[in-house]
2 protein chains.
Amino acid sequence: MSRRAEQVDDLVARARDGESRAVARLVSMVEDGSPQLRQVMAALTPHAGHAHVVGVTGSPGVGKSTTTSALVTELRKAGKRVGVLAVDPSSPFSGGALLGDRIRMQDHATDPGVFIRSMASRGHLGGLSWTTPQALRVLDAAGCDVVVVETVGVGQSEVEIAGTADTTVVLMAPGLGDGIQAAKAGILEIGDVYAVNKADRDGAEQVRRELRSAIALADRPEGAWKPPIVLTVAQEGRGVDELVSELDRHRTWLEEHGELVRRRTCRAREEIEAIAVAALRERWEGGIDVHDGLDALAEAVVAGVKDPYAAADELVASATD
Amino acid sequence: MSRRAEQVDDLVARARDGESRAVARLVSMVEDGSPQLRQVMAALTPHAGHAHVVGVTGSPGVGKSTTTSALVTELRKAGKRVGVLAVDPSSPFSGGALLGDRIRMQDHATDPGVFIRSMASRGHLGGLSWTTPQALRVLDAAGCDVVVVETVGVGQSEVEIAGTADTTVVLMAPGLGDGIQAAKAGILEIGDVYAVNKADRDGAEQVRRELRSAIALADRPEGAWKPPIVLTVAQEGRGVDELVSELDRHRTWLEEHGELVRRRTCRAREEIEAIAVAALRERWEGGIDVHDGLDALAEAVVAGVKDPYAAADELVASATD
């Protein structure tokens, strides 16, 4: 076994023992697309599947990181090991944008039962469909009971992140015009649990009422999970115990209805496809297995002598020889 | 020939005659991922390649749509046919977010020499790397001399859009803290032409100075294009004639240095790859050609008996049988 392979095995063993520097190193390898990821994932996969993955999403200003921090506090009270993954799909840069979150997370920074990592997409398209499940696998195999995935940023990414969680918490707050935004962003289709945060402010009750009607109106098959609504004041930790109970109740429901495996299978499909596509792209761009060469195909399209679909057919055919 | 195929041929013929309803219909087909796109693109490809594709990007508030509108006015004065494609990569919804732009574009709405279309990514990942070049091909084949691609939204998408243009204009403005943002967003690597808009405001000269030093400091190979900086007040049309001259000068430079074909080849590569990947995904997700089935592979990963890389290998191998 090479020195490098040994180092990876050692890192994996230390991460499984819950050593936080080893965990951090492995998440960085995921983020950087390290060539040793194949070995890392092969070593971790048999040890994953324990953690409850909770996605936290919502519009800016709704209190995502405050709620995440309050969730961590509550889960730690119950003796749970907790991972936090702050994901910024809109930024190719980790760091800057997440500074605020890190500061809010400071309370937990020295707690050995908490792993906190922020992660950016580093500009590779479709990168998150790949890196998020892999980073989750690291935290999961490191013994976390719950991993909270917090989406930083806005827009469709929220919906994408929802696909990666076992349980998605959608946060709302009074005074943000969330009623309209909710409908617009399709956010009513992704929440398993809703929390109306900043519930001590005017209008919280109205947000709850609107949400409740919207949930009641939604088409839902018989026996489907009916998303509960929790009122929270995350800043003071109020309502967070109830939020945790609802998360537990949802996880139990998922297990009892075969949904947990179904959701995780979806996540794994995305990950496998993303890895496969990346492998094919690498072959195509490296000119391997392509008779005519991707560049030659592209030049033919630019010259107007071949249409892009015909070129794509040739590319696919070259991969299926 | 089927009725449907005839209709497409008719639509393509009318679009090539510059009939704006036919152009709009074809762009909608691109946006919707119509099954007839293959036929549309095959018919259009031989007639594309004339239009100069100009990307306009910059932070929110910098005046992108005002500048686009002023560019259209200036280009129309010179008798050019102009297409405008307003692309919103961050939103799966067309319409709403672009309303403001449409209003500003109202001046040109009745001009038969101008085609204006907004386009959203409709939530499909990697969708823009595919739909943008195809919509460009429609406007190009419809006889546009210049097509302006305006990015709505922020973040890494700006950098992606830059890859699709022949010439990328990066807009800046005083008072937006653009100095730091420019460095952060890697925007200094993508501009072929810089415009400091709102140049009648305090601080414009300083933005220009900072930009100029940054450009001077950048590593640039011998004989490379040196991005000029233009001061504009797009609202009043000031400086826009100079901006148009710089765009023309850049296009000439691109042609003389073989760069035009190179950039367009990059764009075609992205498009071909995106079509090929979509075709493979469809096969995988439909269970065609996959021995073990993508679902079975994903279930094995969730069960911890197969790692995602091994599963991806099987998927790729199934495509290469």
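Residues numbered from 1 in each chain as written. Chains lettered and ligands numbered in written order. Predicted model: local features only at pLDDT ≥ 70, side-chain atom pairs only at ≥ 80, totals over all residues.

Q: Is there a simple way to explain the overall build of chain A in this structure?
A: Counting its regular elements, chain A contains 13 helices and seven strands. Looking at chain A residue by residue over its 321 residues, the buried ones come to 51%. Long-range contacts, defined here as pairs at least 24 residues apart, represent 75% of the contacts in chain A between residues at least 6 apart. (Helix = DSSP H or I, 4+ residues; strand = E, 2+ residues; numbered from the N terminus. Buried ≥ 20, exposed ≤ 12 C-beta atoms within 10 Å, placed from the backbone. Contact = placed C-beta atoms within 7 Å.)

Q: Whenever I open this one, the packing of helix 11 (residues 259-285) of chain A against helix 11 (residues 259-285) of chain B confuses me. Can you help?
A: Running from amino to carboxyl end, helix 11 of chain A crosses helix 11 of chain B at an angle of 140 degrees, the nearest separation of the two axes being 11 Å. Regarding the angle of helix 11 of chain A to helix 11 of chain B, the classification is oblique. Crossing hand, helix 11 of chain A versus helix 11 of chain B: right-handed. Within the contact between the two elements, helix 11 of chain A uses A:Glu273, A:Val277, A:Arg281 and A:Trp284 and helix 11 of chain B uses B:Glu273, B:Val277, B:Arg281 and B:Trp284. Its residues placed into classes, the contact of helix 11 of chain A with helix 11 of chain B shows four nonpolar, no polar and four charged. (Axes fitted to C-alpha atoms, helices over the stretch in contact; angles between N-to-C directions. Parallel < 35°, antiparallel > 145°, perpendicular 65-115°, else oblique. Left-handed = near helix turned anticlockwise from the far one by under 90°. Nonpolar A, V, L, I, M, F, W, Y, C, P; charged D, E, K, R; others polar.)

Q: Quick question: what am I supposed to make of helix 3 (residues 37-44) of chain B here?
A: Residue pairs spaced three or four apart in an α-helix point in one direction, given the helix's 3.6 residues per turn. Listed as buried for helix 3 of chain B are B:Leu37, B:Val40, B:Met41 and B:Leu44. Relative to the axis of helix 3 of chain B, the buried residues are bounded by an arc of 95 degrees and lie together on one face. (Arc of directions from axis to C-beta.)

Q: How do you make sense of unusual backbone geometry when you look at a structure like this?
A: Trans peptide bonds make up the majority, and among non-glycine residues the majority have a negative phi. Even without being glycine, A:Lys198 reaches a positive phi, approximately 55 degrees. Along the chain, the position of A:Lys198 falls in the loop between strand 6 (193-196) and helix 9 (204-217).

Q: Would you mind going over the pairing of strand 5 (residues 167-172) of chain B with me for this structure?
A: Regular strands have side chains that alternate between both faces of the sheet. Residues and elements named next belong to chain B. Counting buried residues along strand 5, six of its six residues qualify, which places the element largely inside the surrounding structure. Residues Thr167, Val169 and Leu171 point to one face of strand 5 and Thr168, Val170 and Met172 to the other, with burial holding for every one of them. Across five bridges, the pairing between strand 1 (residues 52-58) and strand 5 is parallel. From the neighbouring strand, Gly58 faces strand 5, where its bridge partner is Leu171. Judged from the four bridges that link them, strand 5 and strand 6 (residues 193-196) form a sheet pairing that is parallel. Paired with Met172 across the strands is Val196, a residue of strand 6. (Pairing = 2+ DSSP bridges.)

Q: It is not clear to me how the packing of helix 11 of chain A against helix 12 (residues 294-302) of chain B should be interpreted in this structure. Could you clarify?
A: For any two helices packed against each other, one specifies the inter-axial angle together with the distance between the axes. Close contact between helix 11 of chain A and helix 12 of chain B brings their axes to 8 Å; oriented N to C, the two are set at 110 degrees. Looking at the two axes, helix 11 of chain A sits roughly perpendicular to helix 12 of chain B. Between helix 11 of chain A and helix 12 of chain B, the residues in contact are A:Val261, A:Arg264, A:Thr265, A:Ala268, A:Arg269 and A:Ile272 and B:Leu294, B:Asp295, B:Leu297, B:Ala298, B:Glu299, B:Val301 and B:Val302, respectively. When grouped by side-chain class, the residues that make up the contact of helix 11 of chain A with helix 12 of chain B number eight nonpolar, one polar and four charged.

Q: Which parts of the structure should I look at to understand the nonpolar core?
A: One broad trend across soluble globular proteins is that nonpolar side chains are buried collectively. Ranked by internal contacts, the top residues of the largest apolar core, which has 168 residues, are A:Val138, A:Leu139, A:Ile272, B:Val138, B:Leu139 and B:Ile272. Among all residues touching A:Val138, those that are not within four sequence positions of it are A:Ala15, A:Val23, A:Leu26, A:Val27, A:Val30 and A:Leu44. (Core = buried A, V, L, I, M, F, W, Y, C linked by C-beta atoms within 7 Å.)

Q: Honestly, the pairing of strand 1 (residues 52-58) of chain A in this entry has me stumped. Any pointers?
A: Residue and element names in this part refer to chain A. The element strand 1 is extensively covered by neighbouring structure, given that seven of its seven residues are classed as buried. The two faces of strand 1 match: His52, Val54, Val56 and Gly58 on one face and Val53, Gly55 and Thr57 on the other face are all buried. Relative to strand 4 (residues 146-151), strand 1 is paired through five bridges, and the arrangement is parallel. Its bridge partner being in strand 4, Val54 is matched across the sheet by Val148.

Q: Could you clarify how one ought to interpret the environment of A:Arg21 in this entry?
A: Residues and elements named next belong to chain A. Within the fold, Arg21 resides in helix 2 (residues 20-32). The class for Arg21 is exposed, based on 10 C-beta atoms found within 10 Å. Residues Arg21 and Leu11, 10 residues apart in the sequence, show an inter-C-alpha distance of 9.2 Å.

Q: How should I be thinking about the environment of A:Lys80 in this particular structure?
A: Residue and element names in this part refer to chain A. Here Lys80 lies in the loop between helix 4 (64-77) and strand 2 (82-88). Judged by C-beta crowding, with 17 C-beta atoms within 10 Å, Lys80 ranks as partly exposed. Along the primary structure Lys80 and Cys144 are separated by 64 residues, whereas in three dimensions their C-alpha atoms are 7.5 Å apart. Dropping the residues within four chain positions of it, Lys80 is found in contact with Leu75, Asp145 and Val146.

Q: Before we go on, may I ask you to explain helix 12 (residues 294-302) of chain A in this structure?
A: Residue and element names in this part refer to chain A. The element helix 12 is largely enclosed, with a buried count of seven among its nine residues. Taken together, the buried positions of helix 12 are occupied by Leu294, Leu297, Ala298, Glu299, Ala300, Val301 and Val302. Just downstream of helix 12 lies Gly304, where phi reads positive at about 80 degrees.

Q: It is not clear to me how the environment of A:Asp111 should be interpreted in this structure. Could you clarify?
A: Residue and element names in this part refer to chain A. As for its placement among the helices and strands, Asp111 is situated in the loop between helix 5 (99-105) and strand 3 (114-120). On the neighbour-count criterion, Asp111 (15 C-beta atoms within 10 Å) is partly exposed. A C-alpha to C-alpha distance of 9.4 Å links Asp111 and Arg76, two positions 35 residues apart in sequence.

Q: In this structure, what is going on with the confidence of the model for chain A? I would like to understand it.
A: Caution is warranted with low-pLDDT regions, since their predicted coordinates should not be read in detail. All names here are of chain A. Summing up the model confidence of chain A, the mean pLDDT is 83 and the portion of residues at 70 or higher is 80%. In this model, residues 91-101 is a region of pLDDT below 50 whose contacts with residues beyond four sequence positions or in other chains number 26 contacts. Across residues 154-159, where pLDDT falls below 50, the model places 18 contacts with residues more than four positions away in sequence or in other chains. Under the prediction, the complex receives an ipTM of 0.83, its pTM being 0.74. (pLDDT = per-residue confidence, 0-100.)

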